[in-house]
Amino acid sequence: MEPTEAHAVTRVRKPHCLKRVSSTITNGLEAAFFHVGHFVGEYPVLTIILSLIICGLCGIGLKTFKETDNQVDLWVPQDSRIINEKTWVDKTFPDRTRFVAMVLESGTNVLTPTFLKAMMDYYSRSVGITVSGSKFSNFCLKVGGKCRLTSLLELWDYNATIISRLTQPEILDKINDTPVSPSFGYEVSTLLGGKITRVNGRIEGATATQVTWVTSGQTQKVKDWESNMIGIARNGHPRISTTYVYASRSFDDEGYGAVDDDISLLTAGFSIVFIFVILSLGKFNLMEQKIYVSLAGMLCVGLALLFAYGLATAMDLIYSPIQSIMPFLLLGIGVDDMFVVVEAWKNLSPEENALSVPNKMATTLKQAGVSITVTSVTDAVAFGVGASTVIPALSAFCVYAVLGIFALFVLVSTFFSACLSLDERRRRRNLDACVLCYQHKDYTPNKCSQGSSLLQVFFAKFYGPVLMKLPVKTCVVIVTLIIFAVNVWSFTQLKQEFKLATYIPSDSYAYQFVDAKERLFDTEGIDTAVYCGGFNYQAYRSQLEAMHRDISVNSYVQNGTVNAWFINYHTWLNQTGRVVATESQYASNLKQFLSGSGNSLTSFVKFNSNSNPTAITGSYMTLRHVRESNSASEIESMESLRSIVDGSGLPQHEESNALPTHKCFAYSPSYLTYETNKVLLLELYRNLGLAGAAVLIVTCVLIANLWTSLLVFFCVIFTVVDVAGTLQFWGTSIDTASSILLTLTVGLAVDYSAHIGHTFMTISGPRKERTVATLRNIGPAVFNGGFSTFLAFVLLANSSSYGFVVFFRVFSTVVLFGLFHGLAFLPVLLSIVGPPAYMNADIIPKSRELTVRPDPGAGKETSAAESVQNGEPHHIEPLLHFNQ
């Protein structure tokens, strides 16, 4: 038999240990919030001033604010080997090059006189562009005295006269008779793509080709030249079916440009939430609308951001682009807490509403404080666990989030509550809600604005009773389990895949280029290199040649793309009959080779500048991976090449924190992404697991009931799994953006269920009645919090920016499934297997005793403590809100 409401302060039986613990925790929290509420209600102006001063002082830390955009600092685990490898490469072979690439597509064949003449038109226009008095020849990358430009036209030395007279047979003969670029050593066939036609091993046609211009330097004139080239390509050519273009500046122009455009959508979403908050908090009359209270609630989010950003910057935490979602994360959490406080304010009994403002605020926070504590602490702990991840950007974001959530919790309890207290004082003085200096005389609010809110009526009269019917409860449980089962399967199908193109708007020229490159050059992977430091190359000639052979036949390396300077050099030594016995002889002869027939390989080797004898301090060889279909295969290709190089028998550095372990190593800028992807999936599962465990522990402590905490935990797990599964159906893969947002879902999902679970424990009576009362009391606040979060992001549904699209998908599904589990599934479970309510409390705060209204004829007003001692009839519910 379920416990019923008890009105006596005395206990009828001794509680067991767990009930005493839960009573101690809840009594302590409610007593603390009673004191906070009383202070805030009595000194609202002081509270507001102190809040502004503290947040302002923390904001001083922003004077050293700077955004980090270095990929290594943001996304690569700091214990990864690639950190030192990149540092060495950047120092020894600094890359100051930029590029413009075109993919040219023909409906029939690119190996025709007409098509080559059209390509010559593009070339002539590219070298003719003048920017600030400079042309391509002035800032191109020189290799062996020639500008680095990969094109079929190189076979005819870009001679317009020769090219204009070419015939089809002459073109095909040249392509097949010159397999390797005479200037730069790459295989000419790698420039051909699409449908390649071969007859008896001879190339007879192809439907696409690619051209790349390489420039040196990061000057503005180079960037302006790129803009001109992009314009030429986008205008197209009448004799070329389609021209696709991509330049070094394209990602910044198109990717970040789309982000900047969508920031305005988020700003509009903020405005929509503000309007919704105004409509939800107040009543539709001149006295009880709460426009300034709503504004104070939004200001809480701004102050929390100032506190978090200032303190985090002072702590020297990195600020990454993902921090741009912080305002909207805090908006969702802050508005939710704000609705809980206002809903408790609205639910006060007539006796409680008649209390003085300090006592009324104390009673409100006493009821709402524990609920917002549960959600705020669980959110903070969930994000705090995420801060232990090895991915720096995610770790820093979680610390920012913890600071913001803490500040928001304190500000809602103090700053917002102080503004609510001031608004109540205004209302009692009959001052207008908008024009504060105007006092109404004999004002009577319209009838439509009085009484319970529509949502309260809906939850109490319609939704709650219908949900408690057995057929409805059965349907809710069945639907929940079916959705969960389907999404568990879908979760297991999530693929780990990162594509840079996904972060470029799908309607941009840059995205079209990447798509065309993948479609027409489907075997072409990333360019990479094997770098070697300074050692005795003469002593390791055989190991170098063996490494070259192993790399050339590796299945992850594209045939014909390996270009090793030492192979050409060793061949030259054999051909010339030179005898090399020492390291200095090896280096001296290499210099002669590079100044002669090996001129195009000059940039591949670096010598010491001052010491004598001559020695090699660094070198590299280039190659290209085959295209891989997913991130797992890309990681395998990287590890396969690394294993060949690491196991080649070449020397290693002595133990050092600043140098690569191996003196020869494989490196590509794309490996930075591969290193992140290598740990991403494991980190995602780890963070989700730790956050879930932390949420369970915290809810057990704060809700102070194991069974209710487990039910809340199950709802959080169901929500996270449903979100992840739905993302898979949506075509979203696991990458940096989605993994970060999925980690956040644990903290966001707990809010919807924790409020319901805690409120259920504060109401006594039969389970069904307690469930309906819970939905009536806290249901509107939970719904408004979730719906307002959805409104903040709804405008991003059709965003062209991948990051914001994933942002919308994750947050919208969190709201959808969070509300479903919090307002449907959990109430059904509680109505069936919900535990008894909290024990009745016998604590009376002594520092600020609550004055109670005596029953008629009871005499003068007394304190609650005096009434209890005197045995007088009184209304003590505002003070003692714990039930059996």
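This structure is a prediction, so every number in the text was calculated from the model and none was measured.

### Some words on the overall build of the chain
Each helix and strand in the chain was counted, giving 28 helices and 15 strands. Across the 884 residues in the chain, those meeting the buried criterion constitute 56%. Long-range contacts, defined as pairs at least 24 residues apart, comprise 79% of the intrachain contacts of the chain with a sequence gap of at least 6. Counting only carbon and sulfur atoms, one obtains 58% of the accessible surface of the chain, whose full area is about 37100 Å².

### A look at the packing of aromatic side chains
Tallying each qualifying case throughout the model produces 44 aromatic pairs. With centroids separated by 4.0 Å and ring planes inclined at 10°, the aromatic side chains of phenylalanine 484 and phenylalanine 718 adopt a geometry described as stacked. With a gap of 234 residues between them, phenylalanine 484 in helix α17 (residues 470–492) and phenylalanine 718 in helix α24 (residues 706–729) connect regions that are remote in the sequence. Each member of the pair, phenylalanine 484 together with phenylalanine 718, is buried. In textbook terms, an aromatic cluster arises when at least three aromatic residues are bridged by ring pairs, as seen for Phe535, Tyr537, Tyr540, Trp565, Phe566, Tyr569, Trp572, Tyr586 and Phe593. For the cation-ring pair, arginine 148 lies above phenylalanine 184, with the distance from its terminal atom to the ring centre recorded as 4.7 Å.

### Description of the state of the cysteines
Summed over the entire model, instances satisfying the criterion amount to 2 disulfides. One disulfide bridge connects cysteine 140 with cysteine 147, the sulfur atoms lying 1.9 Å from each other. Judged by the sign of its S-S torsion, about -55°, the bond between cysteine 140 and cysteine 147 is left-handed. The buried category is assigned to cysteine 140, whose relative accessible area is 6%. The partly exposed category is assigned to cysteine 147, whose relative accessible area is 23%. Among the cysteines of the chain that take part in disulfides, numbered as they appear in the sequence, the pairing is 1-2, 3-4.

### Remarks on the pairing of strand β7 (residues 202–205)
Examined bridge by bridge, strand β6 (residues 197–199) and β7 share 3 bridges and lie antiparallel to one another. Across the sheet, threonine 197 pairs through a bridge with glycine 205, a residue of β7.

### Some points on the sheet that holds strand β11 (residues 605–607)
Within a sheet, adjacent strands bond to each other through the backbone by hydrogen bonds, running parallel or antiparallel. Strand order in the open sheet made by the 4 strands is β11-β12-β10-β13, with antiparallel pairing throughout. Strand pairing shows two members of the sheet lacking a second neighbour, β11 and β13 (664–667), which therefore form its edges. Taking the axes of each pair of neighbouring strands and ignoring which way they run, one obtains an average angle of 20° across the sheet. Of the pairings in the sheet, the one linking β11 to strand β12 (residues 616–626) comprises 3 bridges and is antiparallel in character. Bridging across to β12, valine 605 finds its partner in serine 619. Together, β10 (524–533) and β12 form the strand contacts of helix α19 (residues 541–552), whose direction differs from that of β12 by roughly 15°. Strands in contact with helix α22 (residues 631–646) are β10, β12 and β13; relative to β13, the strand with the most contacts, it is inclined by about 165°.

### Describing the nonpolar core
With 200 residues, the main nonpolar core has Leu111, Trp213, Trp225, Met326, Leu329, Phe416 and Phe807 as its most contacted residues. Judged by nonpolar contacts, the second largest core, of 50 residues, contains Phe593, Ile644, Phe665 and Ala666.

### Let's talk about the packing of helix α26 (residues 767–793) against helix α27 (residues 802–833)
The N-to-C vectors of α26 and α27 enclose an angle of 180°; their axes lie 10 Å apart at closest approach. The orientation of α26 relative to α27 falls into the category roughly antiparallel. Across the interface between the two elements, Arg767, Thr771, Leu775, Gly779, Val782, Phe783, Gly786, Thr789, Phe790 and Phe793 from α26 touch Phe807, Phe808, Phe811, Ser812, Val815, Leu819, Leu823, Pro827, Leu830, Ser831, Ile832 and Val833 from α27. Its residues assigned to classes, the contact of α26 with α27 shows 15 nonpolar, 6 polar and 1 charged.

### Observations concerning unusual backbone geometry
We note that aspartate 157 has phi near 55°; this positive angle belongs to a residue other than glycine. In this structure, aspartate 157 sits in the loop between β4 (149–150) and α7 (160–164). Of note in the backbone geometry, asparagine 200 takes a positive phi value of approximately 55° without being a glycine.

### Here we look at helix α2 (residues 44–59)
In a regular helix each residue adds 1.5 Å, so 16 residues correspond to 22 Å; α2 covers 22 Å between its end C-alpha atoms and thus fits that length. Every buried residue of α2 is listed here: Pro44, Thr47, Ile48, Ser51, Cys55, Cys58 and Gly59. The arc enclosing the buried residues of α2, seen along the axis, measures out at 105°, which places them on a common side.

### Here's the deal with the pairing of β10
Within β10, 8 of the 10 residues are buried, which leaves it mostly tucked inside the rest of the structure. As paired strands, β10 and β12 are joined by 8 bridges and run antiparallel to one another. The partner of valine 530 across the bridge, within β12, is methionine 621.

### Things to note about the pattern of salt bridges
Tallied over the full model, the rule gives 23 salt bridges. In this structure, aspartate 90 engages lysine 86 in a salt bridge whose closest nitrogen and oxygen atoms are separated by 2.5 Å. Of the two residues, aspartate 90 and lysine 86 are both situated in helix α4 (residues 82–92); the distance of 4 residues between them amounts to about one turn of the helix. Classification of aspartate 90 as partly exposed rests on a relative accessible area of 35%. Given a relative accessible area of 19%, lysine 86 falls into the buried group. A salt bridge links lysine 290 to aspartate 423; the shortest N-O distance between them is 2.9 Å. Of this pair, lysine 290 sits in the loop between α10 (250–281) and α11 (291–314) while aspartate 423 is found in helix α15 (residues 392–428), placing the two residues 133 residues apart along the sequence.

### Brief notes about a nonpolar patch on the surface
A cluster of nonpolar side chains, namely Val45, Ile49, Ile53, Leu57, Ile60 and Leu422, defines an oily patch on the protein surface of about 520 Å² accessible area. Element by element, the count of residues in the nonpolar patch is highest for α2, at 4 residues. Looking at the secondary structure, you find isoleucine 53 in helix α2.

### A look at the packing of helix α12 (residues 326–346) against helix α14 (residues 357–386)
Each pair of packed helices can be summarised by the angle the axes make with each other and by the distance between the axes. Here α12 crosses α14 at 155°, and the two axes come no closer than 8 Å. Of the possible angle classes, the one that applies to α12 and α14 is roughly antiparallel. In this structure, α12 meets α14 at a crossing whose hand is right-handed. Contacts between α12 and α14 pair Leu329, Ile333, Asp337, Val340, Val341, Ala344 and Trp345 from the former with Lys360, Met361, Thr364, Leu365, Gln367, Ala368, Ser371, Ile372, Thr375, Ser376, Asp379 and Phe383 from the latter. When the residues that make up the contact of α12 with α14 are grouped by side-chain class, the tally is 11 nonpolar, 5 polar and 3 charged.

### Some thoughts on the side chain of threonine 708
Tracing the sequence through the fold places threonine 708 in helix α24. Threonine 708 sits in the buried class, given a relative accessible area of 0%.

### With respect to the environment of arginine 165
Note on placement: arginine 165 falls in the loop between α7 and α8 (168–177). The sequence separation of arginine 165 and proline 113 amounts to 52 residues, and the corresponding C-alpha distance is 7.9 Å.

### With respect to the environment of leucine 830
Position of leucine 830 relative to the elements: it lies in helix α27. Look at leucine 830 and you get buried, because its relative accessible area is 1%. Between the alpha carbons of leucine 830 and arginine 770 there is a distance of 8.9 Å; along the sequence they are 60 residues apart. Those residues in contact with leucine 830 that sit more than four places away from it in its chain are Leu711, Ile756, Phe760, Arg767, Thr771 and Pro835.

### Some points on the confidence of the model for the chain
Keep in mind that low pLDDT regions are not for reading the predicted coordinates in detail. On average, residues of the chain carry a pLDDT of 85, and 89% of them reach 70 or more. Confidence drops under a pLDDT of 50 for residues 1–13, and excluding neighbours within four residues, the segment shows 23 contacts in the predicted structure. This stretch, residues 840–884, has a pLDDT under 50; its non-local contacts, to residues over four places away or in other chains, come to 96 contacts.

Rules of the game
Residues numbered from 1 in each chain as written. Predicted model: local features only at pLDDT ≥ 70, side-chain atom pairs only at ≥ 80, totals over all residues. Heavy atoms only, no water. Helix = DSSP H or I, 4+ residues; strand = E, 2+ residues; numbered from the N terminus. Buried < 20%, exposed > 50% of the residue type's maximum accessible area, 1.4 Å probe, protein only. Contact = heavy atoms within 4.5 Å. Areas by Shrake-Rupley, 256 points an atom, 1.4 Å probe, with all protein chains shown as cover. Phe/Tyr/Trp six-rings, centres within 6.5 Å; stacked < 30°, edge-to-face > 60°. Lys NZ or Arg CZ within 6 Å of the ring centre and 35° of its normal. Disulfide = S-S within 2.5 Å. Pairing = 2+ DSSP bridges. Axes fitted to C-alpha atoms, helices over the stretch in contact; angles between N-to-C directions. Core = buried A, V, L, I, M, F, W, Y, C linked by side-chain atoms within 4.5 Å. Parallel < 35°, antiparallel > 145°, perpendicular 65-115°, else oblique. Nonpolar A, V, L, I, M, F, W, Y, C, P; charged D, E, K, R; others polar. Expected span 1.5 Å × (residues − 1). Arc of directions from axis to C-beta. Salt bridge = Lys/Arg side-chain N within 4 Å of Asp/Glu carboxyl O. Patch = residues over 30% accessible without salt bridge, like charges linked within 9 Å, V, L, I, M, F, W, Y side chains within 5 Å. Left-handed = near helix turned anticlockwise from the far one by under 90°. pLDDT = per-residue confidence, 0-100.

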